[in-house]
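Notes for the structure review
Chain by chain, the residues:
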Amino acid sequence: MAAAVGEGVVLAGTVAHMEADAEEAQRLATEARDRIRFEEDALALSDQVYRVARHLASSREDADELMQETYARAFRSWRSFQPGTNMRAWLLRILTNLNIDRGRRQQRAPQMQPLEANDYFLYDRLSEDGDGVSDEDRVVERLSQDDIVTALSAVPHDFRDVIVLVDLGDFSYADAAQILDIPVGTVMSRLHRGRRILKRELAESALEEAT
Amino acid sequence: MNDPCAHCEEMMQPYMDHILTDEEMAQAEAHLARCEYCRKRYKFEQSLRIYVRKAATEQMPAELRQKLAALRIPLE
C-alpha cells in the first residue's frame, strides 16, 4: 500500500514535470511564431522605410548601412515592439536614433539660416524665367528630378527630417513628433520653414540653370 | 500684392495640410475663388508637392532587400 502511494507520488511528479515541459515547449513555439511574423511584417515594410531613410541619410551608402543597422537592431529587440502599434514609425524611430548616434547630424539647429523665401517665391521665379506658359502643371516641370534631390539634400537636417517624414513618408505630425522625439509644435514650425528653405534651394538651382 | 494675398500666402501650407479651422478655410476659399493670382500659386504648390514626392522616391536596391532578409535570426 505504502509502495503504491509512493509510486503514485512519483507518477504525479513526472506528469507535472511533463506538463511543465509541454507548457514551455508551447511557449517557445508561440514565441517563435510571433517572432517570424514580426520579421516578415518588418521586411514587408522595408520599401516604405527605405523611401524615407534614403533622404534622412546623407547618401545612398549611408541609407544602405542605416537600413541594415536598423533591421539588425529591430530583429534583436522585437519583443519591445507592441503589436497593434505603428511598426513603420517604430522602425523609423530606431533608424533616426541610429542616425543621431552615428554622428551624422553635424548641422545643428539652424540659428544662422538665411531668411527663406516666402511661399509664392518659387512660382514667381519659375514663371518669370519661362516662356510665358501659365499652366501651373507645366511650370513645375521646369525643375528636373536632380534639382529636387539636390535641393532636398541641401535642406539642413532638422528641417529635412520633418519634410521627409511628413511629405514623403506620409506620417502624421504626431507620428513625426514621436519618431524625432520633438513636440508637435516644433514639427509644424520646422515643416513650414523647411518647405520654404526647399523652395529657396529649388529656385537657386533653377536660376543657375537659366544662367 | 495686396494684404489679402499676403494673408492667403501665409495660409497656403496649412490649407494644403488641412489644418485650418473651418472659418479660416472658408476665408481662404473665398479669396481663392476671386483671386487668380493666388489660385495659380496654390495650384502650383499642389503640383510641386506631388512632383517632389515623385522625384525623391527611390526604389530600394534588390541587393539591400536580400541583405535585410539575411539579418533575420534563425530558429534554434
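Residues numbered from 1 in each chain as written. Chains lettered and ligands numbered in written order. Predicted model: local features only at pLDDT ≥ 70, side-chain atom pairs only at ≥ 80, totals over all residues.

**Focus: the overall build of chain A**
The helix and strand tally for chain A stands at ten helices and zero strands. The order of helices and strands in chain A, counted from the N terminus, is α-α-α-α-α-α-α-α-α-α. Each of the 211 residues in chain A was classed as buried or not, and the buried ones make up 32%. Counted over contacts in chain A with a minimum sequence separation of 6, partners at least 24 positions apart contribute 73%. (Helix = DSSP H or I, 4+ residues; strand = E, 2+ residues; numbered from the N terminus. Buried ≥ 20, exposed ≤ 12 C-beta atoms within 10 Å, placed from the backbone. Contact = placed C-beta atoms within 7 Å.)

**Describing helix H1 (residues 3-16) of chain B**
Residue and element names in this part refer to chain B. Here H1 contains 14 residues, and its C-alpha end-to-end distance of 20 Å stays within 8% of the 20 Å for a straight helix at 1.5 Å per residue. At Glu 10, H1 is bent by approximately 35 degrees, the largest bend along its length, and proline Pro 14 sits one to four residues beyond. Residues of H1 that are buried include every one of Cys 8, Met 11 and Met 12, and no others. Those residues of H1 hidden inside the fold are in contact with helix H2 (22-34) and helix H3 (36-56). Backbone geometry just after H1 places His 18 at a positive phi near 60 degrees. (Expected span 1.5 Å × (residues − 1). Bend = angle between axes of the 7 residues up to and from the residue.)

**As for the interface of chain A and chain B**
At the junction of the two partners, chain A supplies 32 residues and chain B supplies 27 residues. Of all elements in the fold, only helix H1 (2-44), helix H2 (46-56), helix H3 (60-76), helix H6 (136-140), helix H7 (145-154), helix H8 (157-168) and helix H10 (184-210) of chain A reach the threshold of two or more residues within the side of chain A that touches chain B. Each residue belonging to the side of chain A that touches chain B can be placed in one class, and the counts come to 16 nonpolar, six polar and ten charged. (Nonpolar A, V, L, I, M, F, W, Y, C, P; charged D, E, K, R; others polar.)

**Brief notes about the packing of H1 of chain B against H3 of chain B**
All names here are of chain B. Interaxial distance between H1 and H3 falls to 11 Å at its minimum, and their mutual angle equals 25 degrees. When the axes of H1 and H3 are compared, the pair comes out roughly parallel. By crossing handedness, the relation of H1 to H3 is classed as right-handed. Residues Cys 5, Cys 8, Met 12 and Met 16 of H1 form the contact with H3, whose own contacting residues are Tyr 37, Cys 38, Tyr 42, Glu 45, Gln 46 and Arg 49. When grouped by side-chain class, the residues that make up the contact of H1 with H3 number seven nonpolar, one polar and two charged. (Axes fitted to C-alpha atoms, helices over the stretch in contact; angles between N-to-C directions. Parallel < 35°, antiparallel > 145°, perpendicular 65-115°, else oblique. Left-handed = near helix turned anticlockwise from the far one by under 90°.)

**Describing the domain arrangement of chain A**
Residue and element names in this part refer to chain A. Looking at the assigned domains, one finds that chain A contains domain 1 (2-101) and domain 2 (121-210). Between the C-alpha centres of domain 1 and domain 2 the distance comes to 37 Å. Across the contact, nine residues belong to domain 1 and twelve residues belong to domain 2. Looking at the side of domain 1 that touches domain 2, the elements that each hand over two or more residues are H2 and helix H4 (87-101). Residues belonging to the side of domain 1 that touches domain 2 are distributed by class as follows: four nonpolar, three polar and two charged. (Domains from an automatic or database assignment.)

**Overview of the nonpolar core**
If you look at the biggest cluster of nonpolar residues, it comprises 49 residues, and the most contacted ones within it are Ala 53, Met 67, Val 162, Ile 163, Leu 165, Ala 176 and Leu 202 of chain A. With seven residues, H10 of chain A is the largest single contributor of residues to this core. In this view, Leu 202 of chain A contacts Leu 122, Leu 143, Asp 147, Ile 148 and Ala 151 of chain A; residues no more than four positions away in its chain are not counted. The next biggest cluster of nonpolar side chains, apart from the first, holds six residues, and it includes Met 11, Met 12, Ala 28 and Tyr 42 of chain B. (Core = buried A, V, L, I, M, F, W, Y, C linked by C-beta atoms within 7 Å.)

**Details of H3 of chain B**
All names here are of chain B. Relative to the 30 Å expected for 21 residues at 1.5 Å per residue, H3 spans 30 Å between its end C-alpha atoms, a close match to the ideal helical length. Inspection of H3 places Cys 38, Arg 41, Tyr 42, Phe 44, Glu 45, Leu 48, Val 52 and Ala 56 among the buried residues, and these make up the whole buried set. Buried residues in H3, looked at end-on, bunch into an arc of 160 degrees, giving them a common side. Away from its buried face, by an angle of more than 90 degrees, H3 presents the exposed residues Glu 36, Ile 50 and Lys 54. (Arc of directions from axis to C-beta.)

**Brief notes about unusual backbone geometry**
For Asp 170 of chain A, which is not a glycine, the phi torsion comes out positive at approximately 60 degrees. On the secondary structure map, Asp 170 of chain A appears in the loop between H8 and helix H9 (173-180). Backbone geometry at His 18 of chain B places phi at a positive 60 degrees, although glycine is not the residue there. For His 18 of chain B, a count of 7 C-beta atoms within 10 Å corresponds to the exposed category.

**Considerations on the environment of Phe 121 of chain A**
As for its position among the elements, Phe 121 of chain A is in helix H5 (residues 121-129). When the C-alpha positions of Phe 121 of chain A and Arg 196 of chain A are compared, they lie 8.9 Å apart, and in sequence the two are 75 residues distant.

**So, the confidence of the model for chain B**
Residue and element names in this part refer to chain B. For chain B, the mean per-residue pLDDT works out to 91, and 96% of the residues sit at or above 70. Within chain B, helix H4 (residues 62-70) carries the highest mean pLDDT (96), whereas H1 carries the lowest (90). Among the prediction metrics, the complex's ipTM stands at 0.87, with pTM recorded as 0.83. (pLDDT = per-residue confidence, 0-100.)

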